[in-house]
Amino acid sequence: ASDIEPLFELREALEVKAARLAAVRCTPGDFVHLAEELQGISIQLDQDPIPDEYYELVARMDRMIDDAAANPWLVTALETVRTQLIRVRRLSSHDPSRLVSAAQEHAAIARAIASGSEQLAEAAVRLHLHQALSAALEKTETTASERTS
């Protein structure tokens, strides 16, 4: 758990930059469509949690942001962080309400990028990362206390 916060500090710096670049360099329609898909899956997740399909959509979103940001150095750094995030995301997969919220947050990020506003994209990413970190820390504390009791 102690390495989650430093990982999120790096994640925040990289993902905020990628989203800001994507907002000014992307094809907006691609992100509008992605936002609609993410909103749709958030409704599905609320009724029937299917994390695999959701995570595939998130991976596609990551690739779209990477492509739009058009910075190979940034992409390489993000890939390293994403590899480490797999275990953190696994914690969230056991919390259906967090998955629904995360899908809605991802939809908001896609809409913000589509808007072309760097500031809006940054705000949407920061909100999502704050929520994701809070949930991960809460899950880690719960898991640790379950092990000690």
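Located above this text is the structure these notes cover.
What counts as what
Residues numbered from 1 in each chain as written. Predicted model: local features only at pLDDT ≥ 70, side-chain atom pairs only at ≥ 80, totals over all residues. Heavy atoms only, no water. Helix = DSSP H or I, 4+ residues; strand = E, 2+ residues; numbered from the N terminus. Expected span 1.5 Å × (residues − 1). Bend = angle between axes of the 7 residues up to and from the residue. Buried < 20%, exposed > 50% of the residue type's maximum accessible area, 1.4 Å probe, protein only. Polar contact = N/O pair within 3.5 Å; in protein donor to acceptor, adjacent residues only side chain to side chain. Phe/Tyr/Trp six-rings, centres within 6.5 Å; stacked < 30°, edge-to-face > 60°. Salt bridge = Lys/Arg side-chain N within 4 Å of Asp/Glu carboxyl O.

K.L.:
I'd like a description of helix H4 (residues 72-92), backed by residues and values.
P.N.:
Helix length check: H4 (21 residues) gives 29 Å between terminal C-alpha atoms against 30 Å at 1.5 Å per residue, within 8%. Considering bend angle alone, the principal kink of H4 is centred on Ile86 and spans about 40 degrees. Looking at H4, one finds that the buried residues are Leu74, Val75, Leu78, Val81, Arg82, Leu85, Val88 and Ser92. Two to three positions downstream of the cap, the backbone nitrogen of Trp73 sits 3.0 Å from a side-chain oxygen, assigning the N-cap of H4 to Asn71.

K.L.:
So what about the packing of aromatic side chains? Which residues, and what values?
P.N.:
Following the criterion strictly, the structure yields one aromatic pair and no others. Seen from their ring centres, Tyr54 and Tyr55 are 5.3 Å apart, and the 50 degrees between their planes marks the pair as tilted. Tyr55 gets classed as partly exposed once you look at its relative accessible area, which sits at 21%.

K.L.:
Describe the environment of Asp3, listing the residues and the values that go with them.
P.N.:
Examined against the element boundaries, Asp3 turns out to sit in the segment before helix H1 (4-25). With 28 residues separating them along the chain, Asp3 and Phe31 place their C-alpha atoms 32 Å apart.

K.L.:
Please provide a residue-by-residue account of the pattern of salt bridges, values included.
P.N.:
One pass over the structure, following the stated rule, counts ten salt bridges. Taking the shortest distance from any N to any O, the salt bridge between Glu122 and Arg20 comes out at 2.5 Å. Of this pair, Glu122 sits in helix H6 (residues 118-148) while Arg20 sits in helix H1, placing them 102 residues apart in sequence. Exposure remark for Glu122: the relative accessible area of 18% places this residue in the buried category. With its nearest N and O atoms 3.4 Å apart, the salt bridge here joins Asp62 to Arg82. Placement of the pair is Asp62 in helix H3 (residues 51-69) and Arg82 in helix H4, with a sequence separation of 20 residues. Exposure class is identical for Asp62 and Arg82. Each is buried. Beyond isolated ion pairs, a larger network of salt bridges with shared partners links Glu12, Arg20, Glu118, Glu122 and Arg126.

Function cannot be read off these values alone, since they describe shape.
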